[in-house]
Amino acid sequence: MPIQQLPAQLIDQIAAGEVVERPASVVKELLENSLDAGASRIELELEQGGVKLCRVRDNGIGIPRDELALALARHATSKINSLSDLEHIGSLGFRGEALPSIASVSRLRLVSRHGEDQEGWSLTTEGGDQQTASPAAHPTGTSVEVRDLFYNTPARRRFLKAERTEFGHIQKVAEKIALSRFSAALQLKHNDRVVFDLPAAADRQKQEERVARVCGRTFMEHAMYLEHERDGMRLSGWIARPTFSRSQPDLQHFFLNGRAVRDKVLGHAVRAGYRDVLYQGRHPAYVLYLEMDPALVDVNAHPSKLEVRLRDSRTVHDFVRRTVDATLAGTTAGETSGAAPAAWPPAAESGGLSAAQRGLTFYSTASAVRDQLGAYRKLMESPPIGPERELAPADSPPLGFALAHLHGAFILAQSGDGLVIVDVHAAHERITYERLKRSVSESGVQVQPLLIPHAISVTARQADLCEQHAETIAKLGLELTRGGERSITVRALPALLGSADPEALLQDVLADLEEIGKTDQVERKLDELLASMACHGSLRANRSLTTDEMNALLREMETTERSDQCNHGRPTWTVLSLQELDRLFSRGR
Ligand code: ADP
Ligand code: MG
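The residue numbering used here restarts from 1 in each chain and proceeds along that chain's sequence as written. As they are written, the chains are lettered A onward and the ligands numbered 1 onward, keeping that order. Totals for whole chains, interfaces and linings use all residues, but because this is a predicted model, local features are given only for residues with pLDDT of at least 70 and pairs of side-chain atoms are given and counted only at 80 or more. Hydrogen atoms and water are omitted, and side-chain values are computed over all heavy atoms in the structure.

Caption draft 1: Representation of the site of ligand 1. As a structural note, the neighbourhood of ligand 1 is formed by 20 residues, with Asn33, Thr77, Ser78, Lys79 and Gly96 the closest of them. Nitrogen and oxygen atoms within 3.5 Å of one another constitute a polar contact, given that in protein one can donate a hydrogen and the other can accept it, and given that sequence-neighbouring residues count only through two side-chain atoms. At 3.0 Å from an oxygen atom of ligand 1 is found a main-chain nitrogen or oxygen belonging to Arg95. Residue Gly96 places a main-chain N or O atom 2.8 Å away from an oxygen atom belonging to ligand 1. Per-residue and other accessible areas were derived by the Shrake-Rupley procedure at a 1.4 Å probe size, with only the shown protein chains allowed to occlude residues. Protein chains bury 92% of the 540 Å² of accessible surface belonging to ligand 1 in isolation. Helical segments are the DSSP runs of H or I of at least four residues, strand segments are the runs of E of at least two, and each set is numbered from the N terminus. Among the elements of the structure, α2 (23-36) and α5 (98-104) are those that each provide at least two residues to the shell around ligand 1. Of the residues forming the shell around ligand 1, the biggest block, 3 residues, is contributed by α5. Residue classes follow a fixed rule: Ala, Val, Leu, Ile, Met, Phe, Trp, Tyr, Cys and Pro count as nonpolar, while Asp, Glu, Lys and Arg count as charged, and any other residue, Gly among them, counts as polar. For the shell around ligand 1, the residue count by class is 8 nonpolar, 8 polar and 4 charged. Whether a residue is near a molecule or strand depends on its heavy atoms: if one lies within 4 Å, it is near.

Now the structure itself:
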């Protein structure tokens, strides 16, 4: 065949191969366009899993009549017009590819009324062949109707799955969009049935309702709110307590400047923040929003823009990791920390002792504490239910005073609130571990030179990496020198890791350096070691404790970071409130 220029429609269909994989990709592009148009309400209507129909209606700024045809033209966009715009991109779209690609593989109708215009205009295309514009009734905003997706590309159509599956994909996309922009109301209808109708969420309580709607109520019940700003970066959102970990990484939402991303560096940073409060193989759950200067992010790295490139990934990684870590450090038993969510469900819904009843999940919030104090006071004022009831003073410590040591394994304590039950081994393990970590970080990592330096062959690039990061690596107590172009010699290890396999350790360190430009392998190994030392050094079941010892343990829990859960992420204590005890015995009925 001679070389020839491809026809425009075929070019669009080829582009569609990248952008339009299935109905859910159409929905993503249309919803993003509506957000870019500043819509505050978006309605999404589907038929037959979106294959028959995807219609998105918004109340955004609309498209002027004389630009309607351009909206459907290839490489036409109102979002950038120079390279420097591309470097500070604030909108979700900018490639000018979505509408023409979608139009080339469907029957599309675009209806829009711009700003103050008196009337709307509509444009219909079939497989990308444009018809002329005609007047149409439409409020300010835009509707895009996509029918019969892939009707003219049977090969692609065959790849579509069952209606339920396609709808499932769409629902996920719509939920992501809903999490990404609280300011827009979003309604989803499938086959004439309303699947969800989310109002705009201006304040945190409404936002938490929306997150609970999308991620489930139990997520919200176990979530801690965080908000932290530094060096032009701002991280906010909700992270689940370690006791609510998942077996799959299926509840992880990360938004970078309002765009959902699935980024290795960011995902790793959150995970690193959960280090040593999560059981091996478990995954954290979170909904996080990172805002930073768009100039420091390259979003033009991938057609679907899921992956991004960070100009300074180490700084961002550090910031995210530290913020998550500091929030989790606030999970001190019975303590209150400012960085936690408002009571959920809201106090009004749960009434009375709600915060106190929930013990574990609720101690952390300022309003929950107010609740709790109020509840104590009420308890003190109301006449005791029976003469035998003796209330602990309202100012008793959060974990109360020890009453008994049950089966050598649990402490029973009376708090202002009810009965506190502590798993002695789990609690002591955490306390010992945090103490060991503190002593290592205060006295620094002891270095132990190897009797026989260990030469390890690596790739030239890996050897370069070792040299570049020599200083960081040395700080971890790992002494490396370059032995040759493709060889690294390990001369010293952290003393605590004396028996570690230098080669395996180095390979792990290198894998991190290659992937995210930094490493926490040595710290992680050290922590693992400290954790196992803590486990072995901790109180075992069946050693009896005196009341003084038990009270000392309770007081120590109250001041130890992360003492809400043991080193494996299991809870260390719980509380049975007086109300719950009353209910157990059907008292007051
Ligand atoms: P991009 O979003 O990358 O600019 P699209 O093909 O998705 O490319 O859209 C082309 C143009 O059509 C946009 O730049 C925008 O000006 C206009 N447009 C698309 N959808 C809407 C909408 N819902 N409201 C207003 N304008 C829209
Ligand atoms: Mg777009």
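Right, picking up where we left off after that structure.
Caption draft 2: Expanded view of the layout of surface pockets. Within this model, the second largest pocket holds a volume of roughly 990 Å³. Those elements giving two or more residues to the lining of the second largest pocket turn out to be α11 (313-329), α15 (424-443), α17 (470-475) and α19 (521-537). Broken down by element, the residue count for the lining of the second largest pocket peaks at 6 residues, all from α11. Segmentation into domains, and thus their bounds, comes from an automatic or database assignment. Counting contributing residues, the lining of the second largest pocket receives three or more from each of domain 2 (204-329) and domain 3 (338-589). Lining residues are defined by having an atom within 4 Å of a point belonging to a cavity or pocket. Those points lie on a 1 Å grid over the protein atoms alone, cavities being sets where a 1.4 Å probe fits but cannot get out and pockets being open sets with protein on both sides within 12 Å along at least five of seven lines. Grid points are joined across faces, edges and corners, and a volume is the space filled by probe spheres set on the points.

Caption draft 3: Here's a closer look at the sheet that holds strand β18 (residues 410-415). Taken together, 4 strands build an open sheet; the order of strands is β17-β18-β19-β23 and the sheet is antiparallel. The sheet terminates laterally at β17 (401-406) and β23 (573-577), the two strands that pair on one side only. Pairs of neighbouring strands in the sheet enclose a mean axial angle of 25°, with direction left out of account. For this analysis, residues touch if any pair of their heavy atoms sits within 4.5 Å. Only the contacting stretch of a helix is used when fitting its axis, a line to C-alpha atoms as for every element, and angles between N-to-C directions run 0 to 180 degrees. Strands β17, β18, β19 (418-423) and β23 of the sheet are contacted by helix α20 (residues 547-559), whose axis makes an angle of about 115° with β17. Paired strands, in this sense, are two strands between which DSSP finds at least two bridges.

Caption draft 4: Quick look at the packing of aromatic side chains. Between the rings of Phe, Tyr and Trp (Trp by its six-membered ring), a pair exists once the centres lie within 6.5 Å; its type follows the angle of the planes, with under 30 degrees stacked, over 60 edge-to-face, and the other angles tilted. Applying the stated rule across the entire model yields 6 aromatic pairs. Arranged with centres 5.1 Å apart and planes meeting at 15°, the rings of Phe255 and Tyr289 form a pair that is stacked. With Phe255 in strand β12 (residues 252-256) and Tyr289 in strand β14 (residues 286-291), this pair connects stretches of sequence that are 34 residues apart. Residue Phe255 is classed as buried on the basis of its relative accessible area of 1%. Each member of the aromatic cluster is reached from another via a ring pair, and the members are Phe182, Tyr225, Trp238, Phe255 and Tyr289. Counting as a charge over the ring demands two things of the Lys NZ or Arg CZ atom: a distance within 6 Å of the ring centre and an angle within 35 degrees of the ring normal. For Arg65, the ring lying beneath its charged end belongs to Trp121, and the centroid distance is 3.7 Å. Across from the ring centre of Tyr151, 4.0 Å away, lies the NZ or CZ of Arg107, which sits over that ring. In this scheme, a residue with accessible area under 20% of its type's maximum is buried, one over 50% is exposed, and one in between is partly exposed, where area comes from a 1.4 Å probe on protein chains only.

Caption draft 5: Geometry of the pattern of salt bridges. Should a side-chain nitrogen of Lys or Arg be within 4 Å of a carboxyl oxygen of Asp or Glu, the pair is scored as a salt bridge. Evaluation of the coordinates by the stated rule reveals 32 salt bridges. A salt bridge links Lys79 to Asp36; the shortest N-O distance between them is 3.0 Å. In this pair, Lys79 sits in the loop between α3 (68-71) and α4 (83-87) while Asp36 sits in helix α2, placing the two residues 43 residues apart along the sequence. With relative accessibility at 24%, the residue Asp36 sits in the partly exposed group. Within the structure, one salt-bridge network assembled from shared partners comprises Asp325, Arg430, Glu434, Lys437, Glu561 and Arg562.

Caption draft 6: Examining the pairing of strand β11 (residues 233-240) more closely. Within β11, 7 of the 8 residues are buried, which leaves it mostly tucked inside the rest of the structure. Hairpin connection between strand β10 (residues 223-230) and β11: a loop of 2 residues separates the two successive antiparallel strands, and Asp231 in this loop has a positive phi of roughly 45°. For β11 and β14, the ladder comprises 6 bridges, and the chain directions are antiparallel. Looking at the pairing, Trp238 lines up with Val287 of β14.

Caption draft 7: The pairing of strand β9 (residues 193-198), seen in detail. Both strand β8 (residues 185-190) and β9 contribute to a ladder of 5 bridges, which runs antiparallel. Following the sheet pairing, Leu186 is matched in β9 by Leu198.

Caption draft 8: Just α15, in detail. Working rule for helices: expected span equals 1.5 Å times residues minus one. If you check α15, its first and last C-alpha atoms are 28 Å apart, about what 20 residues at 1.5 Å a residue would give, namely 28 Å. Where α15 begins, the side chain of Asp423 points an oxygen toward the backbone nitrogen of His425, at a separation of 3.2 Å. Immediately downstream of α15, the backbone of Gly444 shows phi near 80°, a positive value.

Caption draft 9: Molecular detail of the environment of Leu6. Relative to the helices and strands, Leu6 is located in the segment before α1 (8-19). Relative accessible area serves as the criterion here: at 39%, Leu6 is assigned to the partly exposed category. Setting aside residues no more than four positions away along its own chain, Leu6 makes contact with Ile11 and Ile14.

Caption draft 10: Spatial organisation of the sheet that holds β10. Across the sheet, 5 strands lie side by side as β10-β11-β14-β12-β13; this open sheet has mixed pairing. Each end of this open sheet is capped by a strand with a single partner; those strands are β10 and β13 (259-260). Set on the sheet, helix α8 (residues 204-215) makes contact with β10, β11, β12 and β14; between it and β11 the angle comes to about 55°. Along the sheet, α11 makes contact with β10, β11, β12 and β14, crossing β11 at roughly 40°.

Caption draft 11: Structural view of helix α16 (residues 460-468). Along α16, the residues that are buried comprise Gln462, Ala463, Leu465 and Cys466. Seen from one end, α16 has its buried residues packed into an arc of 155°, which puts them on one side. Structurally, α16 contributes buried residues whose contacts are with α17, β21 (479-484), β22 (487-494) and α18 (502-516). In this context, the arc is that of the directions from the helix axis out to the C-beta atoms.

Caption draft 12: Summary view of the packing of helix α10 (residues 264-273) against α18. It is the contact of α10 with α18, at a shortest axis distance of 10 Å, that shows an interaxial angle of 130°. Classified by the angle between their axes, α10 and α18 sit oblique to one another. Each of Lys264, Val265 and His268 in α10 lies in contact with α18, whose residues at this interface are Asp512, Glu515 and Ile516. Looking at the contact of α10 with α18 residue by residue, the class counts come to 2 nonpolar, 1 polar and 3 charged. Convention used here: angles under 35 degrees read as roughly parallel, angles over 145 as roughly antiparallel, angles from 65 to 115 as roughly perpendicular, and any remaining angle as oblique.

Caption draft 13: A look at unusual backbone geometry. Phi at Asp192 takes a positive value of approximately 70°, unusual for a residue other than glycine. In this structure, Asp192 sits in the loop between β8 and β9. Residue Asp192 is classed as exposed on the basis of its relative accessible area of 66%. One non-glycine residue, His407, lies in positive phi territory at about 50°.

Caption draft 14: Representation of the side chain of Thr323 in the model. Tracing the backbone through its elements, the reader meets Thr323 in helix α11. Among all residues touching Thr323, those that are not within four sequence positions of it are Leu226, His228 and Leu235.

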